[in-house]
Amino acid sequence: MRLKVGFIIRSLLFIGTFLGLLVFWSSLSPKNDENPFGKRNNGGLPKGDVPDQFKPVVPWPHVEGVEVDLNSIRLKHVGVNNRNHADQQQNQKRVIQQQYVTFKPHTQGHTSPILKKGILGNFEPKEPEPPGVPGGPGEGAKPFVLGPEYKDAVQSSIKEFGFNMVASDMISLDRTINDLRHEECKYWHYDDRLMTSSVVIVFHNEGWSTLMRTVHSVIKRTPTRYLAEIVMIDDFSNKDHLKERLEEYIKQWNGLVQLFRNEKREGLIQARSIGANKATKGQVLIYLDAHCEVGINWYPPLVAPISKDRTVCTVPLIDSIHGQRFTMDPQGGGDEDGFARGAWDWSMLWKRVPLGEAEKKLRKSKTEPYRSPAMAGGLFAIERDFFFELGLYDPGLQIWGGENFEISYKIWQCGGQLLFVPCSRIGHIYRLKGWQGNPPPAHVGSSPTLKNYVRVVETWWDDYKDYFYASRPETRALAYGDISELKRFREEHRCKSFKWFMEEIAYDIPLHYPLPPKNVDWGEIRGFETSYCIDSMGHTNGGNVEMGPCHRMGGNQLFRINEADQLMQYDQCLTRGGDNSAVIITHCDQKQHNEWKYFTDLHRFTHLTTGKCLDRSDLLHKVFTSDCDTSKTTQKWEMNNIVAV
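Let me sum up the structure you'll find in this document. Just so we're clear, the structure is a prediction, and the values are computed from it rather than from any experiment.

Conventions used here
- Residue numbers run consecutively from 1 along every chain, following the written order of its sequence.
- For this predicted model, a pLDDT threshold of at least 70 governs which residues receive local features, and a threshold of 80 or more governs which side-chain atom pairs are given and counted, while totals over whole chains, interfaces and linings are taken from all residues.
- Just so you know, side-chain values use all the structure's heavy atoms and leave hydrogens and water out.
- Helix and strand definitions follow DSSP, with helices as H or I runs of at least four residues and strands as E runs of at least two, each counted in order from the N terminus.
- Partly exposed residues are those whose accessible area sits between 20% and 50% of the maximum for their type, while under 20% is buried and over 50% is exposed, using a 1.4 Å probe and protein chains only.
- By definition, residues are in contact when any of their heavy atoms lie within 4.5 Å.
- Every accessible area reported is derived by Shrake-Rupley at a probe size of 1.4 Å, with residue values counting cover from the shown protein chains alone.
- Only a pair of cysteine sulfur atoms within 2.5 Å counts as a disulfide in this structure description.
- Lines are fitted to the C-alpha atoms to define the axes, a helix being fitted only along its stretch in contact, and any angle between axes, read from their N-to-C directions, falls within 0 to 180 degrees.
- Note on convention: the crossing is left-handed when the near helix lies turned anticlockwise from the far helix by less than a right angle, right-handed when the turn is clockwise.
- Note on residue classes: Ala, Val, Leu, Ile, Met, Phe, Trp, Tyr, Cys and Pro are nonpolar, Asp, Glu, Lys and Arg are charged, and everything else, Gly too, is polar.
- Salt bridges are counted wherever a side-chain nitrogen of Lys or Arg sits within 4 Å of a carboxyl oxygen of Asp or Glu.
- Centres within 6.5 Å are what make two rings of Phe, Tyr or Trp a pair, Trp counting through its six-membered ring; a difference in plane orientation under 30 degrees is then read as stacked, over 60 as edge-to-face, and the rest as tilted.
- A positively charged side chain is recorded as over a ring if its NZ (Lys) or CZ (Arg) lies within 6 Å of the ring centre. The angle to the ring normal must also be within 35 degrees.
- One fewer than the residue count of a helix, multiplied by 1.5 Å, yields its expected span.
- The pairing criterion for strands is at least two bridges between them, as found by DSSP.

1. Re the overall build of the protein chain
Now for step 1: Summing up its helical and strand segments, the protein chain has 18 helices and 27 strands in all.
Now for step 2: Within the span of the protein chain, comprising 645 residues, buried residues form 50% of the whole.
Now for step 3: Look at the contacts in the protein chain between residues 6 or more apart in sequence, and 74% of them connect residues 24 or more apart.
Now for step 4: For the protein chain, the exposed surface amounts to about 31,000 Å²; the carbon and sulfur share of it is 54%.

2. Things to note about the state of the cysteines
Now for step 1: Under the definition given, this model contains 5 disulfides.
Now for step 2: Disulfide partner of Cys573: Cys588, at an S-S distance of 2.0 Å. Across the S-S bond linking Cys573 and Cys588, the dihedral sits near 65°, which makes this disulfide right-handed. Here Cys573, found in strand β21 (residues 572-576), pairs with Cys588, found in the loop between β22 (583-587) and β23 (596-599); they are 15 residues apart in sequence, far enough to count as distant.
Now for step 3: With relative accessibility at 0%, the residue Cys573 sits in the buried group.
Now for step 4: Overall, Cys588 belongs to the buried group, its relative accessible area being 6%.

3. Focus on the packing of helix α14 (residues 448-460) against helix α16 (residues 484-492)
Now for step 1: Two elements in contact, α14 and α16, have axes separated by 10 Å at closest approach and are oriented at 35°. The way α14 lies across α16 gives a crossing that is right-handed. Contacts between α14 and α16 involve Arg455, Glu458, Thr459 and Trp460 from the former and Leu486, Lys487, Phe489 and Arg490 from the latter.
Now for step 2: Partitioning the contact of α14 with α16 into residue classes produces 3 nonpolar, 1 polar and 4 charged.

4. Some words on the pattern of salt bridges
Now for step 1: Here the structure, examined in full by the defined rule, presents 38 salt bridges.
Now for step 2: The salt bridge involving Asp191 is made with Arg193; its shortest N-O contact spans 2.7 Å.
Now for step 3: The structure contains a network of salt bridges with shared partners spanning Asp335, Glu336, Glu357 and Lys360.

5. Examining the packing of aromatic side chains
Now for step 1: This model, assessed by the stated rule, comprises 30 aromatic pairs.
Now for step 2: Aromatic pair Trp298 and Tyr299: ring centres 5.8 Å apart, planes at 80°, arrangement edge-to-face.
Now for step 3: Here Trp344 and Phe405 contribute two aromatic rings whose centre-to-centre distance is 5.9 Å and whose plane-to-plane angle is 75°, an arrangement assigned as edge-to-face. On the criterion of sequence distance, the pair formed by Trp344 in strand β10 (residues 340-344) and Phe405 in helix α13 (residues 403-413) is long-range, its members being 61 residues apart.
Now for step 4: Site record: aromatic cluster; members linked through ring pairs are Trp344, Trp346, Trp350, Phe405, Tyr409, Trp461, Tyr464, Tyr467, Phe468, Tyr469, Phe498 and Phe501.
Now for step 5: When the ring centre of Trp435 is taken as reference, the NZ or CZ atom of Arg431 above it lies at 4.1 Å.

6. A look at helix α7 (residues 208-221)
Now for step 1: The end-to-end C-alpha separation of α7 is 20 Å, in line with the 20 Å expected for 14 residues at 1.5 Å each.
Now for step 2: Counting buried positions along α7 gives 12 out of 14 residues, so the element sits mostly inside the fold.
Now for step 3: If you check which residues of α7 are buried, you get Trp208, Ser209, Thr210, Leu211, Met212, Arg213, Thr214, Val215, His216, Ser217, Val218 and Arg221.

7. Structural notes on unusual backbone geometry
Now for step 1: The backbone phi angle of Ala141 is positive, close to 60°, even though this residue is not glycine.
Now for step 2: Under the relative-accessibility criterion, Ala141 is labelled buried at 6%.

8. Some points on the pairing of β21
Now for step 1: Among the 5 residues that make up β21, 4 are buried, leaving the element largely enclosed by the rest of the structure.
Now for step 2: Summarising the sheet, strand β20 (residues 567-569) and β21 pair through 2 bridges and their orientation is antiparallel. Each residue of the ladder has a partner; that of Met568, found in β21, is Cys573.
Now for step 3: Count of turn residues in the β20/β21 antiparallel hairpin: 2 residues, of which Tyr570 carries a positive phi of about 55°.
Now for step 4: By the bridge criterion, 5 bridges tie β21 to β22 in an arrangement that is antiparallel. The residue bridging Leu574 from the neighbouring strand is Ile585, located in β22.

Structure, rendered in structure tokens:
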């Protein structure tokens, strides 16, 4: 009996202790009506259900050769089966923002633009823009043609600057331009709480009037309340007119225009990152090339999408200013409205493809912004803080080339959007043939653009990089530096795969630029036991190829023959010309000009459709096809690999 009483007393003590601990633990836990995240809930986080905002991020699974649906995994983890279909759709819309929790959330309230047909937009000018010089040269972007007495001076200016600076210097810096916008653009109404901007202009040895007309147009056509500053980055220019004269000239704007000078040549890419650091007053960074003219009411449509969502990067429609006559016209190509998406071929040449039906269906209006896989890179707007969160440009990219693709991939794969804006138009002068260029400084070394391309594909393309190397075989052994920090960035920000990007965003590019077949052989095509090679001479789209001294530098002498029996250089194929003899080079897709075989043991290229052989005249430097003859040494060739350095 005494034993049973002791057992009961001990049991009651144990149960009492357990219940006491349970009550104590409950007092430490937050009550249902308390916010377990304290002040963080009011610190600029997105509005909505707290559980949705703080879902754990499921790491992107590293599964070799398999694309994993991150959203499906997340839905499985939260038991979405209990939700209705509407909840699932809402979750789908939020999935990107949930995945990329490393970026600051958007906190600004901003209403979407409203199209009111027949009612002039709230930012549209009420009166015509006053001319720079009434009836003056180039007003209204009308053609300005100089007489023959200026020929030598014009050619000299084109060689030095790439444009007809003689004509440009005669045109007012405040000239009027033609309005190339779609009529609908005039009836958009924008929230007047737009973000402010710093306009960044990088220049190196730019002509005076083209540079300053860029600045004047920004000041003239941008609402004052939104233009925080114009930041000019001089990338180590040595022209006299860009020294004291420039410093004195910009004083008229009382600090609105600021000038910073690099102590050495950095190149366009890194100079733009420097510009981001120098431009501190605006919420948005707007990058312009140093030879542009912004269009009428360009600012609100460009900045409104960013004011609505800080992870959006916007690009204006870029019109072409003629470098001789200074007329302004829409770029060619695109759809029936001239709208195109930014693209590339697999050798990383910039391309434009027409806006397709799938993208058009995402819009309610013809002039709404639309998605683009890539940008040309010269003109774009991005929220300053978001650009820094993206890491600016890859610090390993040098001078120029590939940075437009790098920032485009980074934006899309890491949770942002890249939008082209039809109602924001900016004219850009394209360099004329005969420009001597700005050679890179000696410390950069050779092939900076190719090295940039390799860094970009190695960082962002995943297994798709093999298609680049098929198109640019000379770069496979090219040293491109350390990209471990870039890889770490992708992992830490849970950036999506290139496969996802190609399927969801850039799905139309392979339709225009099919994935290239594997190469059978590649390199220079040298006349057997000679010092002469086939050279495209820079010709494209129907020009003849010729024989020239072998230089072992690739470029116009680099060809490849692939498993589809195409003899190619970049996106161009060799084929027979109109006279059925001469060999020309012309644009082709994967199903065109499948007509060559290279027989290594015979040192012979055979034209499959005619049975003739590739032949040459060393005396006349011509390349053609003729009846095969094993005794002719001019029909013997060797393909020697070339490695970029």
